[in-house]
Amino acid sequence: MGRKLLTEHINVEGIQTFDVYRKHGGYASVEKALKTMTPEEVVEEVKASGLRGRGGAGFPTGMKWSFLAKPEGKPRYLVCNADESEPGTFKDRYLMEKLPHLLIEGMITSSFALGARTSYIYIRGELLYVLRILEKAIAEAYANGFLGENILGSGYSLDLHVHPGGGAYICGEETALLESLEGKRGNPRNKPPFPAVWGLYGCPTVVNNVESIATVPWIVTNGAAEYAKIGVGRSTGTKLISAGGNINKPGVYEIELGVPVEEFIYSDEYCGGIWKGRDMKAVIAGGSSVPILPKELILKTAAGEDRLMTYESLSDGGFATGTMLGSGGFFVMDDQTCIVRHTWTLARFYHHESCGQCSPCREGTGWMEKVLHRIEYGHGQMHDIDLLVSVAKQIEGNTICPLGDAAAWPVAAAIRHFRDEFEWHVKHPERATAPGAVYNKADSVLA
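Parameters at a glance
Residue positions are given per chain, counting from 1 as you read along its sequence in written order. Residue-level local features of this predicted model are given only where pLDDT is at least 70; pairs of side-chain atoms are given and counted only at 80 or more, and the full residue set underlies all totals for whole chains, interfaces and linings. Think of the side-chain values as coming from all heavy atoms in the structure, minus any hydrogens and water. Numbering of helices and strands starts at the N terminus; helices are DSSP runs of H or I of at least 4 residues and strands are runs of E of at least 2. Within these notes, the globule rule equals 2.2 Å times the number of residues to the 0.38 power, and the radius of gyration is based on C-alpha atoms. Buried residues are those whose accessible area, probed at 1.4 Å on protein chains only, stays under 20% of the maximum for their type, while exposed residues exceed 50% and partly exposed ones sit between those limits. Two residues qualify as a contact provided that any one of their heavy atoms is within 4.5 Å of a heavy atom in the partner residue. By definition, two strands form a pair when at least two bridges between them are found by DSSP. By nonpolar core is meant a set of buried Ala, Val, Leu, Ile, Met, Phe, Trp, Tyr and Cys residues that side-chain atoms within 4.5 Å join together. In this analysis the probe radius is 1.4 Å and the grid spacing 1 Å, with only protein atoms considered; a cavity is a set of points the probe fits into but cannot get out of, a pocket is an open set with protein on both sides within 12 Å along at least five of seven lines, and lining residues have an atom within 4 Å of a point. Grid points are joined across faces, edges and corners, and a volume is the space filled by probe spheres set on the points. Domain delimitation in this document rests on an assignment produced automatically or drawn from a domain database. Take the accessible area each of two parts loses on contact, using a 1.4 Å probe, and add the two losses: that sum is the buried area. Salt bridges are identified by distance alone: a Lys or Arg side-chain nitrogen within 4 Å of an Asp or Glu carboxyl oxygen. Centres within 6.5 Å are what make two rings of Phe, Tyr or Trp a pair, Trp counting through its six-membered ring; a difference in plane orientation under 30 degrees is then read as stacked, over 60 as edge-to-face, and the rest as tilted.

J.: Help me out: how do you make sense of the overall build of the protein in this one?
T.: Looking only at helices and strands, one finds 19 helices and 11 strands in the protein. Relative to the compact-globule value of 22 Å for 447 residues, the protein shows a C-alpha radius of gyration of 23 Å, a close match. The buried share of the protein, reckoned over its 447 residues, is 56%. A fraction of 68% describes how many contacts in the protein between residues 6 or more apart in sequence connect residues 24 or more apart.

Shown next as structure tokens:
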């Protein structure tokens, strides 16, 4: 069993309450930081740990903190991005629901490090029951002197607020989130200036993911050196993985980075293998926006090495033969899955969630959905496959925010690795549209 840094006490009865959480070592990082450390020392500790952003981009957290501008006379803000809307990802909801005080402790310690006196948790609008859990926990933290004026007699004060979004996927992008938090339409901003210079209300702001912030207490309490011992290379620490799809044991797993992908999928400690004893066909390893990989490339790199659950190993080979760890939304597909239908489902989602600000994304996502629908329902032409590749290329890299890339990558990767299945849909529409039809790569007949 790997080490559990975030979820060690998650099944303790009453851990949602302040008293039980405190009894199990809760808020130790707040005491240590406020009583024995300077803000700069906390930042350096997080930087030395090698912690990388757990929301998808994987940018070093401590380095991001060090970019925060410190102009005279302007407040600074920390905003927690709890707008978890990436299809296949549900780890942050699980963490907030089961361990609300862990996130609050992380917010206090991180806010102290950044010099923020007011901080926000921006939560997905559909998670109102989780919002109520957080608000109850925040009230307990205020009542026990860990929020409000002069925390623990340190002279440091912090107010923490929870703000629900309106259900828009685009507000998971940090600048769209800030626009929404200010009461505006959630459209992404042009960068630069970056939020670290011009963020919430035009003030320096850091936006971090739930899991990233929840990891800070362990690092501060136990030390960066101890944290850096866990994991492989630049992929230090543990990672929460949202495992779903055609597996025997779906759920949230905290893994030490460096676990082989094959072990994660097939061992009883984690996913428990493919359901009904079927063969695995493909995996999306980091949420719906990362490239899909077929079985042979998710288990081994193109060079034949074991693929590991790390940022570096999963991206080995670039997008030609690799993918991304992303948000950790790990979706497994068995040999009965239709890749064309699956890709069309994702395209529908991204078309619906595009904010419409950028023409390539606004128009391109609609075109991809229509063309994929055409292929899936037996009306496709062979040139439609290349048309999809062309549209994806015209979207990628040509939008203000990464939603365009997130919509383009799944389509391009599905055709790159499963082009024969797309061609089969075009050549044999009567078979492809038959109830229960499944493409069989070996003989191109109904399975």
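J.: Any chance you could explain the pairing of strand S7 (residues 238–245) here in plain terms?
T.: It is a general feature of regular strands that their side chains alternate between the two faces of the sheet. S7 sits mainly inside the fold: seven of its eight residues count as buried. Where S7 and strand S8 (residues 251–256) come together, six bridges link them in antiparallel fashion. Bridge pairing in S8 places Lys239 opposite Ile255. Connecting S7 to the next strand, S8, in antiparallel fashion are five residues.

J.: Any chance you could explain the sheet that holds strand S10 (residues 293–294) here in plain terms?
T.: Think of a sheet as strands paired side by side through backbone hydrogen bonds, with each pair either parallel or antiparallel. Ordered by their spatial adjacency, five strands build an open sheet running S8-S7-S11-S9-S10, and the pairing between neighbours is mixed. Only two strands of the sheet have a single neighbouring strand rather than two, namely S8 and S10. Where strand S9 (residues 280–284) meets S10, two bridges bridge the pair, whose relative direction is antiparallel. By the bridge assignment, Val283 is partnered in S10 with Leu293.

J.: In this structure, what is going on with the nonpolar core? I would like to understand it.
T.: The nonpolar side chains of a soluble globular protein tend to be buried, and buried together. Counting residues in hydrophobic clusters, the biggest one holds 61 residues, and the most contacted among them are Tyr27, Trp65, Leu103, Ile104, Ile108, Ile121 and Ile123. Among the elements that take part in this core, helix H6 (residues 100–114) stands out by supplying eight residues, more than any other. The contacts of Ile104, once residues within four sequence positions are left out, are Tyr27, Leu134, Ala137, Ile138, Ala141, Leu147 and Leu160.

J.: Just to check I follow, could you spell out the layout of surface pockets for this structure?
T.: Rolled over the atoms, a probe sized like a water molecule indicates the empty space that remains. Space inside the largest pocket adds up to approximately 1,300 Å³. Gly55, Gly56, Ala57, Gly172 and Glu173 are, among the 45 residues lining the largest pocket, the residues nearest its centre. Residue contributions to the lining of the largest pocket peak at five residues, all from strand S4 (residues 205–209).

J.: How should I be thinking about the domain arrangement of the protein in this particular structure?
T.: Accessible area lost on assembly of the parts is the figure often given for the size of an interface. As assigned here, the protein comprises domain 1 (18–229), domain 2 (237–334) and domain 3 (339–436). Tallying the contact residues gives 16 residues for domain 1 and 20 residues for domain 2. When the two sides are added together, the surface that domain 1 and domain 2 hide from each other amounts to roughly 1,400 Å², 54% of it contributed by carbon and sulfur. Linking domain 1 with domain 2 are two salt bridges. Here Glu211 ties to Lys239 by a salt bridge, and the two come within 3.1 Å at their closest N and O atoms.

J.: Even after reading the chapter, I still don't get the pairing of S9, so can you show me in this structure?
T.: With five of five residues buried, S9 lies mostly within the body of the structure. Relative to strand S11 (residues 329–334), S9 runs antiparallel, the two being bridged by four bridges. Within the sheet, the bridge partner assigned to Ile284 lies in S11 and is Phe331.

J.: Please explain unusual backbone geometry as it appears in this structure.
T.: Phi is mostly negative for residues that are not glycine, and the peptide bonds are mostly trans. Cis rather than trans, the peptide bond between Lys191 and Pro192 has omega equal to 0°. Along the chain, Pro192 turns up in the loop between helix H8 (174–181) and S4. Following Pro192, the chain continues to Pro193 via a peptide bond in cis, the omega torsion being 0°. Residue placement: Pro193 occurs in the loop between H8 and S4. One non-glycine residue with positive phi stands out, namely Leu152, at about 55°.

J.: Where do I start with the packing of aromatic side chains in this structure?
T.: The geometry of an aromatic ring pair is captured by the separation of the ring centres together with the interplanar angle, meaning the angle of the planes. Tallied over the entire structure, the rule returns 19 aromatic pairs. Aromatic pair Phe264 and Phe330: ring centres 5.1 Å apart, planes at 85°, arrangement edge-to-face. With Phe264 in helix H11 (residues 261–266) and Phe330 in strand S11, this pair connects stretches of sequence that are 66 residues apart. We classify Phe330 as buried; its relative accessible area is 0%. For the pair Trp424 and Tyr439, a centre-to-centre distance of 5.4 Å together with 50° between the ring planes defines the contact as tilted.

J.: Can you walk me through the environment of Trp65 in this structure?
T.: The residue Trp65 is located in helix H4 (residues 61–66) in this model. When the C-alpha positions of Trp65 and Ser110 are compared, they lie 9.3 Å apart, and in sequence the two are 45 residues distant. Those residues in contact with Trp65 that lie beyond four places of it in its chain are Val42, Val43, Val46, Ser110, Ala113, Leu114, Val206, Asn208 and Val216.

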